[in-house]
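Structural characterization, general
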Amino acid sequence: GKDVSDKQIRGQKTVIGQDPCDKSQKEGIIMNKIANKIKQARKERCLTRASLALLSGVNIRVIMKIEEGRDCSTRSLNKVLAALGMELAVKTKEE
C-alpha cells in the first residue's frame with residue numbers, strides 16, 4: 001500500500017519535500033553548517049582528520065561523517081568539538 005499522510009486524508013494537497021512536519025531538510029542544513037565550521041576549525045589549526053581523530057578519541061570515519069554533514073552521535077560530536085576548543089550551543093530563536 002501507499003503511505004498516506006493525515007493531510008491527504010483530509011483532502012489537502014501535500015507536496016513531497018515541503019511537509020512542514022518533515023524536519024529532515026532543515027536538519028540537513030543545520031548539520032552542513034556544523035560540518036563546515038568543524039572542517040574550517042580543523043584546517044585553521046593545521047590538523048589532519050587523523051590527528052583530530054587521535055585528539056578527540058573518535059574514529060577517523062566519524063570525523064569524515066561529521067565533516068560530510070552526516071548523522072553521528074552527540075557524544076562523538078561533542079568530543080570532536082572539545083578537541084577543537086569549541087562547543088555546541090542551543091539558543092532560543094528570535095523572530
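Computed from a predicted model, the values in this text were never measured in an experiment.

Turning next to the nonpolar core. Counting 14 residues, the largest nonpolar core has I38, L52, I63, L77, V80 and L84 as the members making the most contacts within it. Mapped by element, the contributors of at least two residues to this core are α2 (24-44), α3 (49-56), α4 (60-67) and α5 (74-83). The element contributing the most residues to this core is α2, with four residues. Here I63 is in contact with R49, L52, A53, S56, V58 and V80, once residues within four sequence places are set aside.

The next thing to look at is the environment of C72. Among the secondary structure elements, C72 is positioned in the loop between α4 and α5. With 41 residues separating them in the primary sequence, C72 and M31 have C-alpha atoms 9.9 Å apart. Ignoring sequence-local partners within four residues, the contact set of C72 consists of I66 and L77.

What follows concerns the pattern of salt bridges. Applying the stated rule across the entire model yields three salt bridges. With a shortest N-O distance of 2.5 Å, E67 and R42 are connected by a salt bridge. With E67 in helix α4 and R42 in helix α2, this pair connects stretches of sequence that are 25 residues apart. Salt-bridge contacts for R49 lead to E67; the nearest nitrogen and oxygen are separated by 2.7 Å. Highlighted residues: R49 in helix α3 and E67 in helix α4, separated in sequence by 18 residues. A relative accessible area of 24% places R49 in the partly exposed class.

Here the focus is the side chain of S76. When you line up the elements, S76 lands in helix α5. Contact partners of S76, with chain neighbours within four places excluded, come to V58, V62 and I66.

The complete set of buried residues in α5 reads S76, L77, V80 and L81. Summarising the axial view, the buried residues of α5 lie within an arc of 135°, below the 170-degree limit, and thus occupy one face. Exposed side chains of α5 directed beyond 90 degrees from the buried face belong to T74, R75 and A82. Following α5 by one or two positions, G85 has its phi on the positive side, about 75°.

Calculation rules
Residues numbered from 1 in each chain as written. Predicted model: local features only at pLDDT ≥ 70, side-chain atom pairs only at ≥ 80, totals over all residues. Heavy atoms only, no water. Core = buried A, V, L, I, M, F, W, Y, C linked by side-chain atoms within 4.5 Å. Buried < 20%, exposed > 50% of the residue type's maximum accessible area, 1.4 Å probe, protein only. Helix = DSSP H or I, 4+ residues; strand = E, 2+ residues; numbered from the N terminus. Contact = heavy atoms within 4.5 Å. Salt bridge = Lys/Arg side-chain N within 4 Å of Asp/Glu carboxyl O. Arc of directions from axis to C-beta.

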